[in-house]
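# Examining the three-dimensional arrangement
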Amino acid sequence: MTLITQEFCDRPVEQVARALIGATLCRRSREGLTSGVIVETEAYLPEGDSAAHSFIGPNRKNASMFGPPCRAYVYTIHARQCVNVVTEAQGIGCAVLIRALEPLGGRALMEVRRGTDVLRDLCRGPARLTEALGIGRDLDGWPIDRGTRLWIDIPDDPPAIDVTVTPRIGVTSAEEMPLRFVVAGSSYVSGTRRQNTPIA
DNA sequence: CTACCGATTGACT
DNA sequence: GTCAATCGGTAGA
């Protein structure tokens, strides 16, 4: 495993979203180390994507989306947190939303944070995984290529993974573009059977 | 200051 | 499958 790099993130956002499948998201806090394998992502485009938080232009909330690539963009929704990886060059304004993990390390701590011992429910959903890993707004803008607090490891020899591409979940304000990437058949991804079926 | 709403979740039929 | 709770951020008066 090798730390993610700025070069990795400074590519078209759909490409990065696909490439992040199979990578490991890691979080070290005072309470301990927690981690999981990324099994579901969504791309939010820089232009013409009315569902992207960057669509209305830079403001205080989405500022890190317009910052350098390879940093975290953490936002609040429905009193919960979601985490993204900022992609492409600084000033562009696009990111990859991490939507689900297969739990890896620190399972006991994740169970306490989530209030359940059901493995499948620990990290299945964008706000669930941030709760399980203890990711808050304090990590908004954090560089994820340094291996401290919050980072991503990329496998050196990525195994071939069968990835299904579908429309994004919960997006109402944009066309249903195929921008969601899930590990085919994984039980750790969010969404219904139908939502995880490739578009015909 | 109040009003509104969402890249969601969990409880329920 | 349906539906409402949730609350911080933002817009507007």
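So, here is what we can say about the structure in this document. (Residues numbered from 1 in each chain as written. Chains lettered and ligands numbered in written order. Predicted model: local features only at pLDDT ≥ 70, side-chain atom pairs only at ≥ 80, totals over all residues. Heavy atoms only, no water.)

### A look at the overall build of chain A
Across its full length, chain A holds five helices and nine strands. For a compact globule of 200 residues, the expected C-alpha radius of gyration is about 16 Å, and chain A comes in at 15 Å, within 12% of that figure. With respect to the three principal axes, the spread of C-alpha positions in chain A is 40 × 40 × 40 Å. Put simply, chain A has 200 residues, and 52% of those count as buried. Nonlocal contacts in chain A, meaning residues at least 24 apart in sequence, comprise 61% of its contacts between residues at least 6 apart. Surface summary for chain A: the accessible area is close to 9,600 Å², and the carbon and sulfur share equals 50%. If the 23 positive side-chain charges of chain A are averaged to one point and the 23 negative ones to another, these points end up 7 Å apart. (Helix = DSSP H or I, 4+ residues; strand = E, 2+ residues; numbered from the N terminus. Rg over C-alpha atoms; globule rule 2.2 N^0.38 Å. Buried < 20%, exposed > 50% of the residue type's maximum accessible area, 1.4 Å probe, protein only. Contact = heavy atoms within 4.5 Å. Areas by Shrake-Rupley, 256 points an atom, 1.4 Å probe, with all protein chains shown as cover. Lys, Arg positive; Asp, Glu negative; His and termini not counted. Charge placed at Lys NZ, Arg CZ, Asp CG, Glu CD.)

### Brief notes about the pairing of strand β6 (residues 94-103)
Among the 10 residues in β6, nine count as buried, and that is most of the element. Both strand β3 (residues 32-44) and β6 contribute to a ladder of eight bridges, which runs antiparallel. In the strand pairing of β6, Glu-40 is matched with Ala-100. As defined by bridge partners, strand β5 (residues 80-87) adjoins β6 across four bridges and the pair is classed as antiparallel. Bridge pairing links Val-85 to Val-96 in β6. Linking β5 back to β6 in an antiparallel pair, the connection comprises six residues, with Glu-88 at a positive phi of about 60 degrees. (Pairing = 2+ DSSP bridges.)

### Some thoughts on the protein's contact with DNA strand B
Of all residues adjacent to DNA strand B, which total 17 residues, the nearest are His-53, Tyr-75, Asn-84, Ala-127 and Arg-128. His-78 has a polar backbone atom sitting 3.3 Å from a base nitrogen of DNA strand B. In the model, a phosphate oxygen of DNA strand B is placed 2.4 Å from a nitrogen or oxygen of the Arg-128 side chain. The leading source of residues in the surface near DNA strand B is helix α5 (residues 126-133), at three residues. (Near = heavy atom within 4 Å. Polar contact = N/O pair within 3.5 Å; in protein donor to acceptor, adjacent residues only side chain to side chain.)

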